[in-house]
Amino acid sequence: QEEGGQGFKKVLTALDLTMIGVGSIVGSGIFVMSGQAAALYAGPAVVISFAVSGMACVVYAMSFAELAAAYPTAGSAYSYTKVAFGRFASWMVGWALVSEYMFGISVITVGWSGYFCTLMRHVGLPLPREISTPPLLFNSHLPEWSGSYINLPAVLLIMAVTCVVVIGTRESASSVTAMVLIKVTVIIIFVIFGIGQIDTDNWDPFVPEPEDGTFGEFGWSGVLRASSVIFFAYVGFDAVTTGAGECIHPQRDLPIAIFSSLGIVTFLYCATSLVLTGMLNYKYLMVPDPLSAAVDAHESLRWLSPILACAVVIGLPSGVLCGVYSMSRIFYIMAEDHLLPSQFRELHPTFRTPFLGTIMCGCCAALLAGTLPVNVIGELCSMGTLLAFGTVSYAVIRLRGTEPDVPRPFKVPFCPYLPAAGVLLALGQTLFLPLVTWVRMLIWMLAGFAIYLGYGSKGGKGDDYERIWK
């Protein structure tokens, strides 16, 4: 076999990597958070928010590409931080990644629940609101009871997927491809048929002025805040960079794949959000299934609503499966590095999967999805993701200085300026998130710090976390 510096078989082309990227990125961000961001922060200008986040992702992706090519190992940002900054920093980034995956899973399932309820309504089996919507709402950032008891469809989906991951059932390549095609096709169909139903009055004003002058709620500050809130819609592009070691021409094909996949997805996101806000006034998009709401608002398009809901119900669970799998494997790697108890790396005697970590991941995500609204979970997901991506950008600069001789099939151009721009972009995007999101994430990170002090700082020998690089 033809091998590169890391011993991987060189088989992937730019087209292969581009398809991997598009399939990994498209998900709940456009099907769920597009309406939330428009209704709460940006109005019709949410299309600009998607464009801003897409351009920022290009910068972050470059850093991921270099590190994935130089250090091809499981763990993503956690592993890169480990080699660049050591044990404590890697734990904190890993803890932020856990928030990214756990909150991301919850966002997908809450959105999935909305479309599932729409589908059930169309087939004449509507679900009671008391068991299909979150019991907690956060008006003025304070929790209020909505009158519901649990978002049962979201909980059941997570538990079902958790069982699949524990058992170790693997999706075939054909089924994954089918899910990707379904998700992309339904977006294209929505855009094509929705264009004819656009009312340009819904775009006036395109950038709504803040009603009471509150920073981040409409106006240009709201556009930028929305770009931070919906940032997690682009999570998945790092799947492109993980193929760096198997790419035939990494120096040429990785940038092509990164730019192509992000360009395709950004175009789809911008087109969808533009049509969405043109079909239905942004004030009515504060729902978990905004595309269905826009279609149902037009008599001539109601035939499309059950098709749309069915396609999303079929396509979105793949993102839940990937999230549960990834989060459980982060726990597994942390346990191998003695940052978590050894039980998290114990494999099931029959299925040979890290069952304890997987079950815990699923239960925690189910608790969030069953009780919290989608906008609160989505903001926390974006915050954790931005913290990890900013750290990865800085890791590129540090490792260029500390380990200059490590083979790098792909290098970030204009280093250290481009990675430094990634650090500043991540910091800037987090600053535009609501203050209450900072408070919630601070509580999450303090909990992680307490776990580290209680176990991680004492759990293992000093050289154990270096073993994968030797």
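Bear in mind that the values here come from a model prediction, so they are computed numbers and not experimental data.

A. Spotlight on the overall build of the chain. Each helix and strand in the chain was counted, giving 17 helices and two strands. Expressed as a percentage of the 470 residues in the chain, the buried residues total 55%. Considering only contacts in the chain between residues 6 or more positions apart, those separated by 24 or more positions represent 79%.

B. Here's a closer look at the nonpolar core. Among the nonpolar cores identified, the biggest contains 141 residues, and Phe31, Phe50, Phe190, Phe237 and Leu262 are the most heavily contacted of them. Considering each element in turn, this core owes the most residues, 18 residues, to helix 5 (residues 87–122). Filtering out sequence-adjacent residues up to four positions away, Leu262 remains in contact with Ile25, Gly54, Cys57, Val58, Ala61, Tyr234 and Phe237.

C. Focus on the packing of aromatic side chains. Taken as a whole and judged by the stated rule, the model has 20 aromatic pairs. Aromatic pair Phe215 and Phe432: ring centres 5.7 Å apart, planes at 25°, arrangement stacked. Highlighted residues: Phe215 in the loop between helix 7 (173–195) and helix 8 (219–229) and Phe432 in the loop between helix 16 (417–431) and helix 17 (435–456), separated in sequence by 217 residues. An aromatic cluster is defined as three or more aromatic residues linked by ring pairs; in this entry it consists of Tyr60, Phe64, Tyr80, Phe231 and Phe389.

D. Here's a closer look at the pattern of salt bridges. Under the definition given, this model contains five salt bridges. Residue Glu66 is joined to Arg400 by a salt bridge in which the shortest nitrogen-to-oxygen separation is 2.8 Å. Placement of Glu66 in helix 3 (residues 46–70) and of Arg400 in helix 15 (residues 374–402) is noted, with a sequence separation of 334 residues between them. Under the relative-accessibility criterion, Arg400 is labelled partly exposed at 26%. Across the salt bridge formed by Glu299 and Arg302, the nearest N and O atoms sit 3.0 Å from each other. Glu299 gets classed as exposed once you look at its relative accessible area, which sits at 61%. Of the residues examined, Arg302 reaches a relative accessible area of 41% and is grouped as partly exposed.

E. Just helix 13 (residues 317–336), in detail. With 20 residues, helix 13 extends 29 Å between its outermost C-alpha atoms, agreeing within 8% with the 28 Å of an ideal straight helix rising 1.5 Å per residue. Trailing helix 13 by a residue or two, His338 shows a phi angle of about 65°, which is positive.

F. Representation of a nonpolar patch on the surface. Taken together, Leu427, Leu431, Leu435, Trp438, Val439 and Ile443 make up a surface patch of nonpolar side chains, about 600 Å² in accessible area. Counting residues per element, the ones that place at least two in the nonpolar patch are helix 16 and helix 17. Here Leu435 lies in helix 17.

G. Structural view of the side chain of Ser99. Its location among the elements puts Ser99 in helix 5. Ignoring any residue separated from it by four or fewer positions in sequence, one finds Ser99 in contact with Gly104, Cys381, Gly384, Met441 and Trp444.

H. Expanded view of the packing of helix 3 against helix 15. Following both chains from N to C, one finds helix 3 and helix 15 inclined at 55°, their axes separated by 9 Å at the closest point. If you check the angle between helix 3 and helix 15, you find them oblique. Judged by the sense of rotation from one axis to the other, the crossing of helix 3 with helix 15 is left-handed. Taken together, the residues of helix 15 that come into contact with helix 3 (itself represented by Tyr60, Ser63, Phe64, Glu66 and Leu67) are Leu386, Phe389, Val392, Ser393, Ala395, Val396, Leu399 and Arg400. In terms of residue class, the contact of helix 3 with helix 15 is built from nine nonpolar, two polar and two charged.

I. Representation of the environment of Gly362 in the model. Take Gly362: it is sitting in helix 14 (residues 355–371). Here Gly362 falls in the buried class, since its relative accessible area comes to 0%. It is 9.7 Å that separates the C-alpha atoms of Gly362 and Gly323, two residues lying 39 residues apart in sequence. The residues contacting Gly362, other than those within four sequence positions of it, are Ile158, Met159 and Thr162.

J. Spotlight on unusual backbone geometry. A cis amide bond links Asp204 to the next residue, Pro205, at an omega of 0°. With respect to the helices and strands, Pro205 occurs in the loop between helix 7 and helix 8. Despite not being glycine, Phe218 has its phi angle at roughly 75°, a positive value. Secondary-structure assignment places Phe218 in the loop between helix 7 and helix 8. Its relative accessible area of 12% is what places Phe218 among the buried residues. One non-glycine residue, Phe414, lies in the positive phi region at around 60°. Structurally, Phe414 can be placed in the loop between helix 15 and helix 16. Accessibility expressed as a relative area gives 65% for Phe414, which makes it exposed.

K. Expanded view of the confidence of the model for the chain. Overall, the predicted model of the chain reaches an average pLDDT of 82, with 88% of residues at or above 70. When pLDDT is averaged over each helix and strand of the chain, the minimum, 64, is found for helix 9 (residues 238–241) and the maximum, 93, for helix 16. Ignoring residues within four places in sequence, the model shows residues 1–8, a span with pLDDT below 50, making 16 contacts including any to other chains. Under a pLDDT of 50 for its full length, residues 460–470 has, in the predicted model, 17 contacts with residues more than four places off or in other chains.

L. Representation of the environment of Pro143 within the structure. Relative to the helices and strands, Pro143 is located in strand 2 (residues 142–145). Spatially, the C-alpha atoms of Pro143 and Leu372 are 9.4 Å apart, while their sequence positions differ by 229 residues. Aside from chain neighbours lying at most four places away, what touches Pro143 is Leu137 and Phe138.

M. Broad picture of helix 17. With 22 residues, helix 17 extends 29 Å from end C-alpha to end C-alpha; this agrees with the ideal 32 Å at 1.5 Å per step. Within helix 17, burial applies to Val436, Thr437, Arg440, Met441, Trp444, Met445, Gly448, Tyr452 and Gly456.

N. Representation of the packing of helix 6 (residues 152–167) against helix 13 within the structure. In contact at an axis separation of 9 Å, helix 6 and helix 13 are set at 60° when each is read in the N-to-C sense. Considering the angle they form, helix 6 stands oblique to helix 13. Crossing of helix 6 against helix 13: the hand is right-handed. In this structure, helix 6 contributes Leu157, Val161, Thr162, Val164 and Val165 to the contact, and helix 13 contributes Pro317, Val320, Leu321, Val324, Tyr325 and Arg329.

Parameters and conventions
- Residues numbered from 1 in each chain as written.
- Predicted model: local features only at pLDDT ≥ 70, side-chain atom pairs only at ≥ 80, totals over all residues.
- Heavy atoms only, no water.
- Helix = DSSP H or I, 4+ residues; strand = E, 2+ residues; numbered from the N terminus.
- Buried < 20%, exposed > 50% of the residue type's maximum accessible area, 1.4 Å probe, protein only.
- Contact = heavy atoms within 4.5 Å.
- Core = buried A, V, L, I, M, F, W, Y, C linked by side-chain atoms within 4.5 Å.
- Phe/Tyr/Trp six-rings, centres within 6.5 Å; stacked < 30°, edge-to-face > 60°.
- Salt bridge = Lys/Arg side-chain N within 4 Å of Asp/Glu carboxyl O.
- Expected span 1.5 Å × (residues − 1).
- Patch = residues over 30% accessible without salt bridge, like charges linked within 9 Å, V, L, I, M, F, W, Y side chains within 5 Å.
- Areas by Shrake-Rupley, 256 points an atom, 1.4 Å probe, with all protein chains shown as cover.
- Axes fitted to C-alpha atoms, helices over the stretch in contact; angles between N-to-C directions.
- Parallel < 35°, antiparallel > 145°, perpendicular 65-115°, else oblique.
- Left-handed = near helix turned anticlockwise from the far one by under 90°.
- Nonpolar A, V, L, I, M, F, W, Y, C, P; charged D, E, K, R; others polar.
- pLDDT = per-residue confidence, 0-100.

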